[in-house]
Each structure stands twice: as C-alpha cells, then as structure tokens.
Amino acid sequence: MNDWRMLCWQSLAAFLLWSGLLGGFLYYDANLAHKHVEELARKEARANFNKDQAFRLWATRHGGVYVPIDAQTPPNPALAHIAERDIQTPSGKKLTLMNPAYMLRQMMDEFGELYGIRGKITSFKLMNPNNAPDAWEAEAMHQFDLGVKEVFEFTDIDGEPYLRLMSAMPVQQGCLKCHGFQGYKVGEVRGGVGVSVPMRAYLDELNESIRQKCLAFGAIWLVGLCGILGLTRLGRRRLREKTEFAAQQRRQHLAVERANAELTHFANISAHHLMEPSRRLLSFAQRLRRRLEPRVQDEDTRLSLEYIEQGAVRLRDLIRDIERYLAAGMPRAAVQPSDPGLALAEVEQRLAARILDSGAQIETTALDAVCLDRPRLIDLFEVLLDNALIHVNTGVTPIVRISGARLPSAVRMRLEDNGPGIPEEYRERVFGVFERLAPNPLAGTGIGLAIARRIVESRNGRIWLEPSALGGTAVVFELPDGG
Ligand code: HEC
C-alpha cells in the first residue's frame, strides 16, 4: 500500500532529522565546551608562566639577590665563579647570592601549595644537572633552534594529561654576569622555561558537563521522539479510517450497482413480457376494426374501435421505446467504425411508409464512419429521423438534412429539419424521458431523444439541439473515435 509506505518513510525521515539535529547540536555544544576548557587552561598556563618570568627578570635585573645563609639556603656551588658570591654584613651576618633559578626553585619547594603550578627551567648546556630537559622539553628546544619562540601542547606526563608551555629564554645583558663564562652573547637562546598545567581536574569537569548535556539533550530527544511516534500513530489511524471509508464506499457502490442491475433486469423482463400481448392486442384491434367497420352504423362504436386501435399502437410503440431505452447503454455488437450511410439506408427503409406519406425530402452528404456498434447506430438514426418526421409544419414539404464533419478525435453529425423548431428554454428538457412539448398523443412516445442521449453518452459523446438554418431544429452529436 502506497500510503502506508509513505507514512513509514515520513516517520523515518522525521526520526533521522530529529536525531541528526540533536546529535549535531550536542556535538557542537560539547566541542564548544572542550574549546572553552582548553582556553581556560591556556590562560592558567600563561598567567603562571608570566609570574615566573617576572620573578626571574626581576632577580636578573638585580644581578641576583643576597639572602642570609641558613640550612635550606646554602651558597650555590654553581655560582662559585662569581667573585662576591658570599658576603658579610658589617654586623657579621653571612649573606649569599641567589640566582633567579635557585630563587624560584626554593620558592616552589617551600611554598609549593601557595605557589601553584610548578615551573621549569632547562637547557642543553647545564650548570645544574637537575635542570636536565625531559623528552618533550628537548623536542621543544630543538624547535627553538628552528626559530619557534614558544611551544604549547596538550600532552601526557606519566600517563596524566597536561597542557605544557615552553618558551625560549634569550640571553639579556643581566644574564651574562653569571652565564657569561659559558660563552653566550646577548640575544642567543640560553634555554627554555615552561609550565605544565595538569588537565585532570579540567577534563573531569568537562566530562561531567558533557554528561549533563547528554542527559538534557537525551530528554529533549525523547520528547521529540514521543511527538514523532504520536504523529505516526495519528497518521496510521487516519489512514486506517481512510481505507475503511474507501472499502465502505466500495461496498455501497457495489450494492447500488447490484440494485441497479436487478432493476434493469426487471425492467427488461417486464418490457419483454409486455411486448407480446401488446402486439397481439394491436393485431386483433386492427382485425376487429377491419371486420366491423363496414357493418357498424353507429358513430360512437366506430370511434371506439378507432381509439382501441390507436391505443394499441401507442402501447406497442411505448414498449418498443422502453426496450430501446433500456438497451441504449450497452453495445449490442462490436464497437467499431460503422458507415452511417448504410445505417441511414436501413432506417429509411424501415420508415419508408412514413416518409412516403409525408412526402419528406431526405438529403444526405458523404458521411465519415463513426465509432459505434451498428444496431445502436440504427436506433440512433431511427429515433432522430422519426422525431423529425413527427414535428413538421403543416402544408410545408418536410426536409431533413444529414451532414457530418471530422473533428480531431471525433466525428460530429448534424440532423436538421425545417419543422417548427424548439424554443431555447426547452432544448435541454426534451432530452428527459417522457418530456414532450406537444400534448398530441400521436406525437411520438417522448422517449426518443432520451434514447439518443443515452446511446451517445455511453460512448462519452455529447448531444445537443441548435436552431437549424432550415428553420427548424438541428440535433448535433459527437462520437469520439476509438473503442
Ligand atoms: C646571579 C647569577 C645568574 C643570573 C643573573 C642568571 N643566571 Fe641563569 N643560572 C645561574 C645558575 C647558578 C644556574 C644553575 C644552577 C641552578 O639551577 O640554580 C642557572 C641556570 C640557568 C638555566 C638552566 C640551565 C642550567 O644551566 O642549569 C638557564 C636556562 C638560565 N640560567 C638562563 C638564564 C638567563 C636567560 C638569564 C638572564 C635573563 C639568567 N639565567 C640569569 C645563574 C644566573
């Protein structure tokens, strides 16, 4: 069933669209959160690095700083080459020179908790072997040799995630006091300083926030899913109703058709059974009149005999036309192009006596073949010609002209007379059964045009009346080509 498949596709498309939309949003949002966290970590790294750097530069500007010697602050052996490494105050207090690296190391060792992120200073040319670079730092310093100033990277240290920052440390004038003996010049890269921000807490928080987003988006997704399911069920119910309605209509249609067929059958049988007695009635009425007429003197009886015969004729004609009307809707032979000339000849033969009586002239032009079974084509012409012969102007020779024209996919025929004509307002009405304009009982059965219309319309053709150039009525009908 096409409608059902359509509904399935629609629901599937809605589901995919909805899931895709929410999935996309979630992905975008999580990505944004991740970027945000990285940005925060970068800021933290930068802040800590700057603080370290400020301390180092401050100490360098003073050429190192002198502090009292104590157990945790012994003189730095790496400064042994500096002339006044250890000095004494006038009161005898012993002071030693602290270089920037030493100073920061002590600060981090003793106040680590307060200090926060631990910084690192390193070089390939070490004065203190404890400052040796690890693999990552060594790689970063190689990049400094290539001109890179700073390396920022999210990487692992001992299996834990970190953001590492390492910046080149160029030699300034103040550095040379202690590092000059190593052969450095101002501007050369002495080594690198860096910080490593642990990312664990950041990532935990990020994961938690993504988990919450997942829950929220999942809930929204579920609501949408329920909506889609609800709509699908509604659509299904509508479809079922539609199918049921169609089935019911089909049943009703069949019932009407059956009733119609029964009624037609009944009408056919009735007409058929009535035909025989009516014929017999007519023939005996005629016989009776012929026998009695010469002997009957009484005018009243003579008239009665005449009326009986007229009534019998009318009864037979009525039943004949009813039979024709009933038969008009169905072909009685192969529907194929038939020659109207032949059919007309047959009709003229049937109506020969009437034509002769009225002195009517029948003019026919060359006619195109029309697509209709022969028996009905004959019926059609017979009722039309009969009509034309009935409705004549007294004292005028009746003329009936039959012409045809080829249309793109149909044949149009015109049967016109010079009779009294039919006023415009009645031209449609006369196609109804028993619709007669003249109350004259001899003026036909009143079924003729209805038979004609039924024949033409059963072939999807059209039939109508027009005024004729001859002064009377023109019956025009079109019969489409093809079976
Ligand atoms: C007061 C003396 C002094 C000054 C000034 C000084 N340093 Fe140092 N620096 C040292 C000593 C001593 C060490 C090694 C011992 C240690 O780690 O404390 C060191 C270590 C370093 C290291 C680590 C590598 C290693 O050799 O252990 C780098 C890099 C460094 N200094 C660069 C600089 C730069 C750049 C400047 C100038 C901005 C500077 N230092 C100023 C004395 C100094």
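Residues numbered from 1 in each chain as written. Predicted model: local features only at pLDDT ≥ 70, side-chain atom pairs only at ≥ 80, totals over all residues. Heavy atoms only, no water.

## So, the packing of aromatic side chains
For the structure on display, the rule yields two aromatic pairs. The ring of Phe-152 has Arg-42 lying over it, and the distance from NZ or CZ to the ring centre is 5.2 Å. The ring of Tyr-325 carries Arg-454 above its face, with NZ or CZ at 4.7 Å from the centroid. (Phe/Tyr/Trp six-rings, centres within 6.5 Å; stacked < 30°, edge-to-face > 60°. Lys NZ or Arg CZ within 6 Å of the ring centre and 35° of its normal.)

## Some words on helix 1 (residues 2–61)
The end-to-end C-alpha separation of helix 1 is 86 Å, in line with the 88 Å expected for 60 residues at 1.5 Å each. After helix 1 finishes, the residue Gly-63 shows a positive phi value of roughly 65°. (Helix = DSSP H or I, 4+ residues; strand = E, 2+ residues; numbered from the N terminus. Expected span 1.5 Å × (residues − 1).)

## A short note on the pairing of strand 3 (residues 94–98)
With respect to burial, strand 3 is a largely interior element, four of its five residues being buried. The sheet contact formed by strand 1 (residues 65–68) and strand 3 spans four bridges and is antiparallel. Considered in strand 3, the bridge of Tyr-66 is made with Leu-97. Two elements, strand 2 (residues 86–88) and strand 3, share three bridges in a ladder whose sense is antiparallel. Paired with Asp-86 across the bridge in strand 3 is Thr-96. Turn length for the strand 2-strand 3 hairpin, with the two strands adjacent in sequence and antiparallel, is five residues, and the turn residue Gly-92 shows positive phi of about 100°. (Buried < 20%, exposed > 50% of the residue type's maximum accessible area, 1.4 Å probe, protein only. Pairing = 2+ DSSP bridges.)

## Concerning the sheet that holds strand 1
Judged by pairing direction, the sheet is antiparallel, and its three strands sit side by side in the order 1-3-2 without closing on themselves. Taken across any chain shown, the strands that pair with only one partner, and hence form the sheet edges, are strand 1 and strand 2. On average, each strand axis in the sheet is tilted by 35° relative to the strand beside it, whichever way the strands run. (Axes fitted to C-alpha atoms, helices over the stretch in contact; angles between N-to-C directions.)

## Things to note about the side chain of Glu-309
Along the chain, Glu-309 turns up in helix 7 (residues 299–327). A distance of 2.4 Å separates a polar atom in the side chain of Glu-309 from a polar atom in the side chain of Arg-289. With near-sequence residues (within four places) excluded, Glu-309 lies in contact with Leu-282, Ala-285, Gln-286 and Arg-289. (Polar contact = N/O pair within 3.5 Å; in protein donor to acceptor, adjacent residues only side chain to side chain. Contact = heavy atoms within 4.5 Å.)

## What about the nonpolar core?
The biggest cluster of nonpolar side chains holds 38 residues, and the ones touching the most others in it are Leu-380, Phe-381, Leu-384, Met-413, Leu-415, Ile-463 and Phe-477. Elements supplying a minimum of two residues to this core: helix 8 (340–350), helix 10 (374–390), strand 11 (399–407), strand 12 (410–417), helix 11 (448–458), strand 13 (462–467) and strand 14 (473–480). The leading source of residues in this core is helix 10, at nine residues. Apart from the residues within four sequence positions on either side, Ile-463 is in contact with Phe-431, Ala-452, Arg-453, Val-456, Val-475, Val-476 and Phe-477. By size, the runner-up hydrophobic cluster in this structure holds 15 residues, among which are Leu-163, Met-169, Val-193 and Met-199. (Core = buried A, V, L, I, M, F, W, Y, C linked by side-chain atoms within 4.5 Å.)

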